[in-house]
Amino acid sequence: MLELDKVHAGYGATTILHDVSLNVDEGEVVTIVGANGAGKTTTLRTISGLVTPTSGRIVFDGEDITKLTAHEIVDLGITLIPEGRQLFPDMTVRENLMMGAYRSGARAYQADALDEVLTLFPRVKERLSQKANSLSGGEQQMVAIARGLMARPRLLMFDEPSLGLAPIIVAQVFEVIATIVETGATVLIVEQNVFHTLKAADRGYVLENGEVVLSDHAAALLDNSHVRKAYLGI
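Remember, predicted model here, so these are calculated numbers, not experimental data.

(A) Focus on the pairing of strand E8 (residues 186-191). Buried residues dominate E8, accounting for six of its six residues. Covered by surrounding structure in E8 are Thr186, Leu188 and Val190 together with Val187, Ile189 and Glu191, the residues of both alternating faces. With five bridges connecting them, strand E3 (residues 29-33) and E8 associate as parallel partners. The residue of E8 that forms the bridge with Val29 is Val187. Sheet topology places strand E7 (residues 155-159) next to E8; five bridges connect them, and they run parallel. Residue pairing across strands places Leu155 opposite Thr186, the latter belonging to E8. Crossover handedness for the path E7 to helix H8 (residues 167-182) to E8: right-handed.

See the structure below:
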């Protein structure tokens, strides 16, 4: 479904990604793990059209999307749930959710999509009339995920979904991701919490200094001596 082929990208004169190649098949859960500054978020931003590659190619469902704008990429069905939630703080939860359904392919299904996400997130349903900035960090993350699902994405990308959350809330977030995966969704996760994300994923890529240094089935990466030493402290 998604393929990155020898992608270089960065900001201004600074190159962050060096020759990055990876793929995500339909129905798969793939994760990109690595330390702070490894280039994980830049990879998602590049796929999303927020950063334009300087070389290489990005293909989604057979179409070259390398030079498409961010809104064109969203219209193809690629949705990013950004690091730090990035909700509209002075808007209600309902208004934030409806913003997720603005893409042309989702507008006709707003009511059905809202019913689906509120079934998945009963706590969000209880908070519909509250402003987003009145919610706890965990509740805001659930709203951010629900907003992403409102777009009815074909590929759902998570950027650091556990960032800044208490361990018990992190576990709840990954339970929600597992529930989404059970629906047959295709998911790409960027995450520093290596243990949780490799448990949730089918395959993984290890990114270091903007380069893919390892790729394998998730279970194999959990047993890999380099991963265990560098990221799990074992």
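That was the structure; now back to the text.
(B) Structural view of the pairing of strand E10 (residues 211-217). Sheet analysis places strand E9 (residues 203-208) next to E10, joined by six bridges and oriented antiparallel. Pairing of Tyr205 across the sheet is with Ser215, part of E10. Counting the residues in the hairpin turn of E9 and E10 gives two residues, including Asn209, whose phi is positive at 50°.

(C) Inspection of the sheet that holds E3 at higher detail. One open sheet holds the six strands; their spatial order is E6-E7-E8-E3-E9-E10, and the pairing between them is mixed. Strands with a single pairing partner mark the edges of an open sheet, and in this sheet they are strand E6 (78-81) and E10. The sheet shows a mean angle of 15° between the axes of neighbouring strands, direction not considered. Those strands touched by helix H1 (residues 40-47) are E3, E6, E7, E8 and E9, and its axis lies near 145° from that of E8. Relative to E6, helix H7 (residues 137-150) is tilted by about 175°, and along the sheet it contacts E6 and E7.

(D) Local environment of empty space enclosed by the protein. Following the criterion strictly, the structure yields one cavity of 30 Å³ or more and no others. Around the largest cavity, the lining residues are Thr46, Ile47, Gly49, Val51, Thr52, Pro53, Ile58, Ile65, Thr66, Lys67, Leu68 and Ile73. In terms of residue class, the lining of the largest cavity is built from seven nonpolar, four polar and one charged.

(E) How the structure looks around a negative patch on the surface. Among the surface-exposed residues, Glu3, Asp5, Asp19 and Glu211 lie close enough to one another that they form a single negatively charged patch. Relative to the assigned elements, Asp5 resides in strand E1 (residues 2-11).

(F) How the structure looks around unusual backbone geometry. The phi dihedral of Asp19 is positive, around 60°, even though this residue is not glycine. Along the chain, Asp19 turns up in strand E2 (residues 14-24). Despite not being glycine, Arg152 has its phi angle at roughly 50°, a positive value. Turning to its location among the elements, Arg152 is positioned in the loop between H7 and E7. Residue class for Arg152 comes out partly exposed when judged on its relative accessible area of 28%.

(G) Up close: the layout of surface pockets. In this structure, the largest pocket encloses a volume near 600 Å³. In terms of lining, the largest pocket is formed by 23 residues, of which the most central are Val74, Leu80, Pro82, Tyr102 and Arg147. Counting residues per element, the lining of the largest pocket draws most heavily on E6, which supplies four residues. Across the lining of the largest pocket, the residue classes break down as 12 nonpolar, seven polar and four charged. Empty space within the second largest pocket amounts to approximately 330 Å³. Lining the second largest pocket are 16 residues, with Leu149, Pro153, Ile180, Thr183 and Ala185 positioned closest to its centre. Here the lining of the second largest pocket takes three residues from helix H5 (residues 110-120), the largest share from any one element. Looking at the lining of the second largest pocket, its residues break down into eight nonpolar, four polar and four charged.

Definitions and limits used
- Residues numbered from 1 in each chain as written.
- Predicted model: local features only at pLDDT ≥ 70, side-chain atom pairs only at ≥ 80, totals over all residues.
- Heavy atoms only, no water.
- Buried < 20%, exposed > 50% of the residue type's maximum accessible area, 1.4 Å probe, protein only.
- Helix = DSSP H or I, 4+ residues; strand = E, 2+ residues; numbered from the N terminus.
- Pairing = 2+ DSSP bridges.
- Right-handed = clockwise from strand over helix to strand, strands pointing away.
- Axes fitted to C-alpha atoms, helices over the stretch in contact; angles between N-to-C directions.
- Contact = heavy atoms within 4.5 Å.
- 1 Å grid on protein atoms, 1.4 Å probe; cavity = no way out; pocket = protein on both sides within 12 Å on 5 of 7 lines; lining within 4 Å.
- Points joined across faces, edges and corners; volume = space filled by probe spheres on them.
- Nonpolar A, V, L, I, M, F, W, Y, C, P; charged D, E, K, R; others polar.
- Patch = residues over 30% accessible without salt bridge, like charges linked within 9 Å, V, L, I, M, F, W, Y side chains within 5 Å.
- Areas by Shrake-Rupley, 256 points an atom, 1.4 Å probe, with all protein chains shown as cover.
- Salt bridge = Lys/Arg side-chain N within 4 Å of Asp/Glu carboxyl O.
- Lys, Arg positive; Asp, Glu negative; His and termini not counted.
- Charge placed at Lys NZ, Arg CZ, Asp CG, Glu CD.

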